[in-house]
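Inside the fold
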Amino acid sequence: MASAQVGLIQDPNVLMWLDKMANAKTHLNYTVSFVLSKPGSDPQPYLWRHGVNEHGIEMEQLDQLNGPGREVVRVGDKVSYFESHRAPYSLASGYIIGPMPNVLLTDPKSLLSSYDFVIIGKSRISGKVAQQIRMISKDKSRYGYNLWLDQETGLPLKINVMELNGQKVEQIQVTELNVTEQPDPYFAKLEAATMPAVIQFEATEEVDKLWQVDYVPVGMKQIKHSVRQLPDNAGPLEYFMLSDGLVDISVYMQQATASAAESDIVARFGSDIYFSRKQGPVLVTVIGKIPANTANSIAASVIKVQ
């Protein structure tokens, strides 16, 4: 397992900025246009709205502007999805899953056991004065982050995801930020009664582990675990999800077949890694926004439960 966690950072300036960012994200009314850029793919523009109504309920909209369209709307703890290729549906959740990292923006102090936060200095982003803060993985197992926060509000103006060697693997660049006294008029048009019903999922039963992951990066823990039988008598497929709140790592394990490749398979999609290895009798697949070396270490640590 991972070594003991390094002590939490106590720099009061860092803590002040983290509090300012979290408070702004949750309590302000704003409309943000931003572009998500990843190597090898076209930049994707988004529209992000956030508001708080007279009852103190958060409202949020994320609209992907290119392609067939995908709009996500949150009112309180209900998130509704509207996509061109499927019927609308809702999930019970307090946040939207999207390019903007929710835990980083709403509860950054929860990441202090996993990352060091360092104040770098001020610069100018999208015409606004910005405070730059660097996040560094304590055990160098994850990408680093460079944040530029609006000096006035604390909202993010730019987020770069960085390799350990300093190479940029992903960028969120805000092109326009408007903060207003009242929520955007868009939210006045929302009618809660017409939103799609929340999908209910059956509770999953606890199952015994067949395999275990012996290497877990500092600050991460297992948040999901399941085992299901594959068709055609192919045996069980075991699944773990590891998370530090910011980065999720999926680990799949199944009995290796005679046809399984003997050499590692590594593919990278922007900042996401796909890593597959035959680890003795088990085929391990690791997927997540992590360096290849970390995926390799996780896969190599998988052992059968005695």
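Not measured: the values here are computed from a predicted model.

Overview of the layout of surface pockets
When its volume is computed, the largest pocket comes out at roughly 1200 Å³. Considering the residues around the largest pocket, the lining is formed by 37 residues, among which Tyr95, Ile97, Gly98, Leu246 and Asp248 are closest to the centre. Of all the secondary-structure elements, those providing two or more residues to the lining of the largest pocket are β6 (86-92), α2 (102-106), β10 (156-162), β11 (168-180), β13 (221-229), β14 (236-243) and β15 (248-255). The residue inventory of the lining of the largest pocket, partitioned by class, reads 22 nonpolar, seven polar and eight charged. Here the second largest pocket defines a volume of roughly 170 Å³. Lining the second largest pocket we find 14 residues, and of these Arg134, Ile136, Gly144, Met162 and Glu163 sit closest to its centre. At the level of secondary structure, the elements contributing two or more residues to the lining of the second largest pocket comprise β8 (128-137) and β9 (144-150). Ranked by residues supplied to the lining of the second largest pocket, first place goes to β8 with four residues. Residue classes in the lining of the second largest pocket are distributed as six nonpolar, four polar and four charged.

Examining the pairing of β11
Direction of pairing for strand β1 (residues 29-37) relative to β11: antiparallel, over a ladder of nine bridges. Bridge pairing in β11 places Thr31 opposite Asn178. In this structure, β10 lies alongside β11, joined through five bridges in antiparallel fashion. In the strand pairing of β11, Asn160 is matched with Gln171.

Concerning the environment of Asp272
Looking at the secondary structure, you find Asp272 in strand β17 (residues 272-279). Considering only alpha carbons, one finds Asp272 and Ala92, 180 residues apart in sequence, at a separation of 26 Å. With residues up to four places along the chain from it excluded, the contact list for Asp272 reads Lys38, Ala267, Gly288 and Lys289.

As for the sheet that holds β1
The 11 strands are arranged β6-β5-β4-β3-β2-β1-β11-β10-β9-β8-β7 in an open sheet whose pairing can be described as antiparallel. In this open sheet, the two edge strands, each paired with only one partner strand, are β6 and β7 (115-125). Sheet twist, expressed as the average angle between the axes of neighbouring strands with direction ignored, equals 15 degrees. Where β1 lies against strand β2 (residues 44-52), seven bridges are found, and the strand directions are antiparallel. When the sheet's bridge partners are listed, Val32 is paired in β2 with Trp48. Strands in contact with helix α1 (residues 12-27) are β1, β2, β3 (58-64), β4 (70-75), β7, β8 and β9; relative to β2, the strand with the most contacts, it is inclined by about 85 degrees.

Section: the packing of aromatic side chains
Under the counting rule described, the total for this entry stands at six aromatic pairs. Measuring from centroid to centroid gives 5.2 Å for Tyr30 and Trp48, while their planes differ by 75 degrees, and the two rings are edge-to-face. Taken together, the residues Tyr30 in strand β1 and Trp48 in strand β2 connect sequence positions 18 residues apart. Overall, the relative accessible area of 4% leaves Trp48 in the buried class. When the centroid spacing of 5.4 Å and the interplanar angle of 80 degrees are considered together, the rings of Tyr186 and Phe187 count as edge-to-face.

Some points on the nonpolar core
One finds Phe117 and Val286 to be the most contacted residues of the largest nonpolar core, which totals 63 residues. Examining the composition of this core, we find that six residues originate from one element, α1, more than from any other. Core analysis: the next-biggest nonpolar cluster, separate from the first, contains five residues, Met59, Val73, Tyr186 and Met195 among them.

Some words on the confidence of the model for the protein chain
Averaged over all residues, the pLDDT of the protein chain equals 90, while 93% of them reach at least 70. In this model residues 1-9 is a low-confidence stretch, pLDDT under 50, and it forms 17 contacts with partners more than four residues away in sequence or in other chains.

Observations regarding empty space enclosed by the protein
Across all of its chains, the model carries one cavity of 30 Å³ or more by this definition. Looking at the largest cavity, the residues that line it are Lys25, Trp48, Glu60, Leu62, Tyr95, Ile96, Gly98, Pro99, Met100, Pro101, Asn102 and Leu105. Residue classes in the lining of the largest cavity are distributed as eight nonpolar, two polar and two charged.

Quick notes on the pairing of β10
Of all seven residues in β10, seven are buried; the element is thus mostly enclosed. As defined by bridge partners, β9 adjoins β10 across six bridges and the pair is classed as antiparallel. Residue Asn146 lies in a different strand from β10, and its bridge partner there is Asn160. In this antiparallel pair of consecutive strands, β9 and β10, the connection spans five residues, and Gly154 shows a positive phi of 90 degrees. Hairpin connection between β10 and β11: a loop of five residues separates the two successive antiparallel strands, and Gly166 in this loop has a positive phi of roughly 95 degrees.

Definitions and limits used
- Residues numbered from 1 in each chain as written.
- Predicted model: local features only at pLDDT ≥ 70, side-chain atom pairs only at ≥ 80, totals over all residues.
- Heavy atoms only, no water.
- 1 Å grid on protein atoms, 1.4 Å probe; cavity = no way out; pocket = protein on both sides within 12 Å on 5 of 7 lines; lining within 4 Å.
- Points joined across faces, edges and corners; volume = space filled by probe spheres on them.
- Helix = DSSP H or I, 4+ residues; strand = E, 2+ residues; numbered from the N terminus.
- Nonpolar A, V, L, I, M, F, W, Y, C, P; charged D, E, K, R; others polar.
- Pairing = 2+ DSSP bridges.
- Contact = heavy atoms within 4.5 Å.
- Axes fitted to C-alpha atoms, helices over the stretch in contact; angles between N-to-C directions.
- Phe/Tyr/Trp six-rings, centres within 6.5 Å; stacked < 30°, edge-to-face > 60°.
- Buried < 20%, exposed > 50% of the residue type's maximum accessible area, 1.4 Å probe, protein only.
- Core = buried A, V, L, I, M, F, W, Y, C linked by side-chain atoms within 4.5 Å.
- pLDDT = per-residue confidence, 0-100.

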